[in-house]
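# Working through the structure, step by step
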Amino acid sequence: MRRTWAHRLTGIATALAIAAGIGFVTQPTAAAAGYCSYKNDWASKEDPGGRNAVAVLYRCETTKENYDYRAFFVAEGEKLILEDRWTDGAEVSSNLFVMRNGERIDTDYFRGADSYNLGTPDGSGDIAEGLTVEFRVCAIGIQCSTAWVYGTA
């Protein structure tokens with residue numbers, strides 16, 4: 001499939017937004033028309049060196065503040081909070097990876113609206129400070145956010 005200049009520019013803009021840590025909105029794909037996604041990350045006030053992060057899915061005719069599904073990583077205490085605010089029968093979920101120097105050291109899957117304490121692969125406690133947490137939000141049977149978001153423990 002040939003990529004048009006518009007697709008190339010969109011890809012470049014997305015890459016620049018990710019590199020700059022800017023939250024951005026993506027338009028729905030043909031397979032999942034009607035939903036848009038948003039992501040953002042920011043320095044944690046409570047956890048020096050930590051970065052909170054959020055990924056949301058919302059109906060495109062509304063705004064990101066009126067999201068239907070949200071995954072929120074809280075650096076202080078290393079928690080993942082999943083929210084489902086839409087009674088459409090779909091359930092919120094999230095794929096999550098813990099990374100050290102670009103290598104996945106833990107893989108988790110969370111399903112259902114709840115607050116999850118993220119442990120370590122060896123069960124010794126919280127994720128070590130400075131490790132990267134990569135995740136996205138999904139509405140099971142509908143779609144996942146189009147971009148992965150990154151937080152820091």
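Residues numbered from 1 in each chain as written. Predicted model: local features only at pLDDT ≥ 70, side-chain atom pairs only at ≥ 80, totals over all residues. Heavy atoms only, no water.

The number of helices and strands found in the protein chain is 1 helix and 11 strands. Secondary structure elements of the protein chain occur, N-terminal to C-terminal, as α-β-β-β-β-β-β-β-β-β-β-β. The proportion of buried residues among the 153 residues of the protein chain is 40%. For the protein chain, long-range pairs separated by at least 24 residues make up 45% of all intrachain contacts whose partners lie at least 6 apart in sequence. In the form shown here, the protein chain has an accessible surface area of approximately 8,400 Å², with 53% of it arising from carbon and sulfur atoms. (Helix = DSSP H or I, 4+ residues; strand = E, 2+ residues; numbered from the N terminus. Buried < 20%, exposed > 50% of the residue type's maximum accessible area, 1.4 Å probe, protein only. Contact = heavy atoms within 4.5 Å. Areas by Shrake-Rupley, 256 points an atom, 1.4 Å probe, with all protein chains shown as cover.)

Scanning the entire structure with this criterion turns up 2 disulfides. Sulfur-sulfur distance for the disulfide between Cys36 and Cys60 comes to 2.1 Å. Its torsion about the S-S bond being 110 degrees, the disulfide of Cys36 and Cys60 is classed as right-handed. One end of the pair, Cys36, is in strand E2 (residues 35–43); the other, Cys60, is in the loop between strand E3 (51–59) and strand E4 (69–74), and 24 residues separate them in sequence. Two residues share a disulfide in this structure: Cys138 and Cys144, whose sulfurs sit 2.0 Å from each other. Between Cys138 and Cys144 the sulfur-sulfur dihedral comes to about 105 degrees; the bridge is accordingly right-handed. Given the relative accessible area of 24%, Cys144 is considered partly exposed. Taking only the cysteines that form disulfides and numbering them from first to last, the protein chain has the pattern 1-2, 3-4. (Disulfide = S-S within 2.5 Å.)

Counting residues in each nonpolar core, the largest one holds 25 residues, and the members touching the most others are Tyr69, Leu80, Leu96 and Phe135. At the level of elements, E3, E4, strand E5 (79–84), strand E6 (92–100) and strand E9 (132–139) are the ones that each hand at least two residues to this core. Counting residues per element, this core draws most heavily on E9, at 4 residues. Grouped together as the second largest cluster of nonpolar side chains are 8 residues, Tyr38, Val54, Tyr58 and Phe72 included. (Core = buried A, V, L, I, M, F, W, Y, C linked by side-chain atoms within 4.5 Å.)

Burial within E3 is extensive, with 8 of its 9 residues counted as buried. Strand direction decides the pairing type here: E2 and E3, joined by 9 bridges, are antiparallel. In the sheet register, Tyr35 faces E3, and the bridge partner there is Arg59. (Pairing = 2+ DSSP bridges.)

A separate point is the packing of aromatic side chains. Note on aromatic pairs: each is described by the distance of the centres and the angle between the planes. If you walk through the whole model with that rule in mind, you get 4 aromatic pairs. Centroid distance Tyr35 to Tyr69: 6.2 Å. Interplanar angle 40 degrees. Geometry classified as tilted. Here Tyr35 is found in strand E2, whereas its partner Tyr69 is found in strand E4, with 34 residues between them in sequence. In terms of burial, Tyr35 and Tyr69 fall into one category: buried. With a centroid separation of 5.4 Å and 40 degrees between ring planes, the pair formed by Phe97 and Trp148 is classed as tilted. Taken as a pair, Phe97 in strand E6 and Trp148 in the loop between strand E10 (143–144) and strand E11 (149–152) lie far apart in primary sequence, 51 residues in all. What makes Phe97 buried here is its relative accessible area of 9%. The ring of Tyr38 carries Lys64 above its face, with NZ or CZ at 5.0 Å from the centroid. One residue, Arg85, lies across the ring of Tyr67, its end atom 3.8 Å from the ring centre. (Phe/Tyr/Trp six-rings, centres within 6.5 Å; stacked < 30°, edge-to-face > 60°. Lys NZ or Arg CZ within 6 Å of the ring centre and 35° of its normal.)

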